[in-house]
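# Summary of structural features
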Amino acid sequence: MSSRFSGELEEEEEEEEEEEEASVNPTEVKMSQIVMPCHSNHRQELDVGQLLKWIDCTACLSAERHAGSPCVTASMDDIHFEHTISVGQVVNIRAKVNRAFNSSMEVGIQVSCEDLFSDRHWRVCHAYATFVTHRTNTGQKVTLKPIVPQTQKEQVEYSVAAERRRVRMVHDDIIKELLSMGSIQQADSSAVCNAVAAEKTKVESVELVLPPHANHQVNTFGGQIMAWMVNVATIAASRLCQAHPTLRTIDMFTFRGPSQVGDRLVLRAIVNNAFKNSIEVGVRAEAHQEEGPNRHINSAFMTFEVLDDLGKPCTLPRIRPEPLEGERRFQEAIARKKIRLDRKYIISRKQSEVPLSVPWDPTNQVYLSYNNVSALKMLAARNNWRLSSEKDKVRLYTLEQKSMLSFRVEFEVEVPAHRAFCLLAELSNRPKWDTHYKQCELIHRVDDDDFLYRVVAPSVHHSSVGSPTSAKQAEGILQDFILLASKRKPCGSGDPYVVALRSVTLPTYPPTEEYNRGEVLCAGMTILETKVNKSLICYYNQASPEVLPYISTDIAGLSSSFYNIFCSCSEYLTRNALQSTSMEQTDQHQMTKTHSPTSLSEALHSAHL
Ligand code: COA
Ligand code: ADP
């Protein structure tokens, strides 16, 4: 096994797996394969193309088990390969449907490796693929039955799948917008000395689609196409580095149209750019019948590294792109590198890996929103919340996770959920009921669902809840927060409205001497319709040092200031329930407009189910 093969499944993951073992998911499909020499490359490691075929096949069988009819791969999200797998080891693949939308569904795939001699298991990668059911003979879309999550983990995946769908829908637009904004510094590709001419790395290869490459509907397997694409990409990368490269990442990609048995698939690859330790190779796949036009099936971008004997990435030669198209791709590869890093680190499910305040910019907005909403949904879905205090049905719960303390305040109001959502989502209203909000200013309206605010709050050290301070004292020690507020309507019955908050940094709003800059890791509200005209409101906060003193006396049972604030919130909602807010008016206005999405924000808006 390679020396990079170091990370065993973490304790938390093992616990999750035990919980999963206990519950049988009807869509789950498992595949185990022993890696034989015929599956391996020249380093006796499993060929990634072969792994992609197994992944696609397992995921397709899971999708078809749910749909009860044939399905095709529509897209595959980014895959980061954490480890390589050697001949003689076992690959275990588990796929299950996380959520069914209309005719499409998200399948989550976990790949781990097992060393038979030491009985150790490692995670190799996880992937999310979207599969679409075949239309009926008359061309009608088939609506899939919904998924009913059974475990806490399934509930989280179900909920967050809607956010991942938003990211997928705007994927192509993000790169276009990043390039059109000219925010990527133009690198002078001709100035690179001793660079290798990109032309030297060019590959063109043809494949004839035969029955073994196709599924039971004679459509070419997505995994087979991916494997052929990996093959040509690997040749292109090898020509640059004159070594055997290791595939690290495949960017999110889409199967634009189907291919069938009898198609000739022409695969073209070239190195688009070479960075210090990584190479981006682009591949384009086109299909045609013996006679007939070329159909663009897929384009993918893959990142390779070359590892030395110790598993450390080697320094790579630079590339001199071909004129015009090559130069354009050279620049676009730089933009994709930024997006790849944003996606990897911001979308990361592990909160501890995400810096507290990430700089906000329009191109990472979608990932920050994803992180914002998914963090709140994951916090809400934890099942180890403990009731700490209760007063007149306002309940305070706490959750302890490693070094983090989170709290939830829960209360019911006699206000319809959509009204409560409109009132609470408008953060600039919050000073009307929350004494912790001295001021709240809308800095930027990103789109219909995401907003940036600057909030001014009293400092906790001198002015804690329930201990009033003089105006002068409070004035001197105010703190401010730059918050991204992501507002989401329910994605299905039983789903709550969500208002998620997290800190971001904005170059136009740097910290000032006048205010202490506070940071919010994960906070917000969920609003769930419990009965007609009744809603359950849950306020969440993953307590950072700035927030903890506000609530610690309540948690300790020494005071019930939380009760006063949330009574005030309840009164505010009841008082204003009948007035329509500006957000409701916008909704009304939009319902009268029918259009297809043309911009990033419109596409995002249309991702609401
Ligand atoms: N990623 C995720 N989902 C996608 C998608 C993408 N890139 N493109 C379309 N979809 C989803 C839509 O959101 C929609 O979902 P919903 O019904 O749950 O709301 C569903 O696919 C159908 O979309 P629609 O716009 O009606 O269909 P389309 O004309 O765009 O066709 C495919 C979508 C996937 C069926 C079509 O592009 C196709 O046949 N691709 C080739 C699939 C294939 O053969 N794969 C195997 C390898 S060749
Ligand atoms: P784009 O050119 O915008 O990147 P394409 O879908 O045309 O998008 O191509 C995807 C990638 O496939 C390109 O970035 C390039 O790396 C590779 N590619 C495209 N055409 C060729 C070709 N004729 N020869 C070699 N590689 C190609």
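Read on for a plain summary of the structure. (Residues numbered from 1 in each chain as written. Chains lettered and ligands numbered in written order. Predicted model: local features only at pLDDT ≥ 70, side-chain atom pairs only at ≥ 80, totals over all residues. Heavy atoms only, no water.)

Attention now moves to the overall build of the protein chain. Looking only at helices and strands, the protein chain features 13 helices and 25 strands. Classification of the 609 residues of the protein chain by burial places 54% in the buried group. Considering only contacts within the protein chain whose residues lie at least 6 apart along the sequence, 71% involve residues at least 24 apart. (Helix = DSSP H or I, 4+ residues; strand = E, 2+ residues; numbered from the N terminus. Buried < 20%, exposed > 50% of the residue type's maximum accessible area, 1.4 Å probe, protein only. Contact = heavy atoms within 4.5 Å.)

Before going further, it helps to spend a moment on the site of ligand 1. Lining the immediate surroundings of ligand 1 are 22 residues, of which Asn102, Ser103, Ser104, Arg135 and Arg165 lie closest. At 2.8 Å, a side-chain N or O of Arg165 approaches an oxygen atom of ligand 1. Breaking the shell around ligand 1 down by element, the ones donating at least two residues are strand 2 (71-76), strand 6 (120-133) and helix 5 (222-241). Element by element, the count of residues in the shell around ligand 1 is highest for strand 2, at 4 residues. A class-by-class count of the residues in the shell around ligand 1 yields 7 nonpolar, 11 polar and 4 charged. (Near = heavy atom within 4 Å. Polar contact = N/O pair within 3.5 Å; in protein donor to acceptor, adjacent residues only side chain to side chain. Nonpolar A, V, L, I, M, F, W, Y, C, P; charged D, E, K, R; others polar.)

The next point concerns the sheet that holds strand 3 (residues 79-80). The sheet built from 6 strands is open, its strands ordered 3-9-13-12-11-8 with antiparallel pairing. Here the strands that pair on one side only, and so sit at the sheet edges, are strand 3 and strand 8 (203-208). Direction of pairing for strand 9 (residues 246-250) relative to strand 13 (residues 295-305): antiparallel, over a ladder of 4 bridges. For Thr249, the partnering residue across the bridge sits in strand 13 and is Thr303. Strand contacts of helix 5: strand 8, strand 9, strand 11 (264-274), strand 12 (279-288) and strand 13, with the helix running at about 40° to strand 11, the strand carrying the most contacts. Running at roughly 85° to strand 11, helix 6 (residues 325-347) makes contact with strand 3, strand 9, strand 11, strand 12 and strand 13 of the sheet. (Pairing = 2+ DSSP bridges. Axes fitted to C-alpha atoms, helices over the stretch in contact; angles between N-to-C directions.)

So, on to the side chain of Arg454. Summarising the element assignment, Arg454 is placed in strand 20 (residues 450-457). With residues near it in sequence (within four places) discarded, Arg454 still touches Gln439, Cys440, Glu441, Ile443, Asp480, Phe481, Ile482, Tyr509 and Tyr515.

A positive phi angle, close to 60°, is found at Asp119, a residue other than glycine. Inspection of the secondary structure puts Asp119 in the loop between strand 5 (104-115) and strand 6.

Once that is clear, we can look at the nonpolar core. Residues Ile109 and Met302 are the most contacted members of the largest nonpolar core, which totals 72 residues. Among the elements that line this core, the one with the most residues is helix 5, at 11 residues. Leave out the neighbours within four places in its chain, and Met302 touches Met229, Val230, Ala233, Leu247, Thr249, Ile250, Ile279, Glu280, Val281 and Val283. (Core = buried A, V, L, I, M, F, W, Y, C linked by side-chain atoms within 4.5 Å.)

Looking now at the pattern of salt bridges. Applying the stated criterion across every chain yields a total of 37 salt bridges. Of the charged contacts, one joins Arg248 and Glu305 as a salt bridge, the two residues approaching to 2.9 Å between their closest N and O atoms. Of this pair, Arg248 sits in strand 9 while Glu305 sits in strand 13; the two residues are 57 residues apart in sequence, bridging distant segments of the chain. Judged by its relative accessible area of 9%, Arg248 is buried. Overlapping salt bridges, with partners in common, bring together Asp251, Glu280, Glu325, Arg328, Arg329, Glu332, Arg336 and Arg340 in one network. (Salt bridge = Lys/Arg side-chain N within 4 Å of Asp/Glu carboxyl O.)

What follows covers the environment of Asp263. Along the chain, Asp263 falls in the loop between strand 10 (253-254) and strand 11. Under the relative-accessibility criterion, Asp263 is labelled buried at 0%. Sequence separation between Asp263 and Val209 is 54 residues, and the spatial gap between their C-alpha atoms is 5.4 Å. Those residues in contact with Asp263, other than ones at most four positions away along the chain, are Glu207, Leu208, Val209, Ala287, His288, Gln289 and Arg295. Separated by 3.1 Å, the side chains of Asp263 and Ser259 make a polar contact. In this structure the side chain of Asp263 is engaged in a polar contact, spanning 2.8 Å, whose partner is the backbone nitrogen of Gln260.

Let us now look at the sheet that holds strand 5. Across the sheet, which stays open at both edges, the 6 strands sit in the order 1-4-5-6-2-10 with antiparallel pairing between neighbours. Looking at strand neighbours, the two that pair on one side only are strand 1 (29-34) and strand 10, the edges of this open sheet. Sheet strands in contact with helix 3 (residues 152-169) are strand 2, strand 4 (90-100), strand 5 and strand 6, and its direction is about 75° off that of strand 4.

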